[in-house]
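Chain residues, written in single-letter form:
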Amino acid sequence: MALRNVRVVEDPILRKKAKIVNKIDDKIKDLLEDMKDTMYKTQGVGLAANQIGILKRLVTIDVNDEHGLLKLINPEILEIKGEQVGPEGCLSIPETQGFVKRPEYVKFKYTDIDGNEQIIEATELLAVCICHEIDHLNGILFTDRALVGEEAEKYERLYNTENRA
Ligand SMILES: [Zn+2]
């Protein structure tokens, strides 16, 4: 098990576009293992390679659903539908939350560690997470998309009400 340092805001690597992975060798597999370890250790639900300072299109996700741990190579969105708004945070932006509008349904493809192409139809948190992580690969942070002003306040009120016991 090898933990990597998670880069935080102001680190320019978070603003760079990650490159396509052309060859899945042991180095890539080790990297995905380290990303998984780092993600679990920091209690994240997703991690993109930029966040550990590597500009490759690699993502790990585990939103505690039926898919379990996902190791994604070159993930790409194929189709989106609908809309959902929810609070998001990011391991690279400590102690910050914001409401972000994301698709309700996301169909995406990726290459698995055996080199096979896979397709997943995601909803709920997985749909949010895949968008958040692919944004990272493109140098975009959730704070770029977070709602502001009245719209943000509206969702803050809604969210508070929903969670009041
Ligand atoms: Zn993030």
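Report follows, based on the coordinates. Since we're looking at a predicted model, the values are computed, not measured.

Calculation rules
Residues numbered from 1 in each chain as written. Predicted model: local features only at pLDDT ≥ 70, side-chain atom pairs only at ≥ 80, totals over all residues. Heavy atoms only, no water. Helix = DSSP H or I, 4+ residues; strand = E, 2+ residues; numbered from the N terminus. Buried < 20%, exposed > 50% of the residue type's maximum accessible area, 1.4 Å probe, protein only. Pairing = 2+ DSSP bridges.

**Here's the deal with unusual backbone geometry**
Positive phi, close to 90°, is recorded for E10, a residue that is not glycine. Structurally, E10 can be placed in the segment before α1 (26-41). On the basis of relative accessible area, E10 is assigned to the exposed category, the value being 77%. With a phi angle near 50°, N74 is a residue other than glycine that sits in the positive phi range.

**Here we look at the pairing of strand β7 (residues 117-123)**
By the bridge criterion, seven bridges tie strand β6 (residues 105-111) to β7 in an arrangement that is antiparallel. Across the sheet, residue Y105 finds its bridge partner in β7, namely T123. The antiparallel hairpin formed by β6 and β7 contains five residues in its connecting segment, where G115 sits at a positive phi of about 90°.

Functional significance is not addressed by these values, which are geometric in nature.
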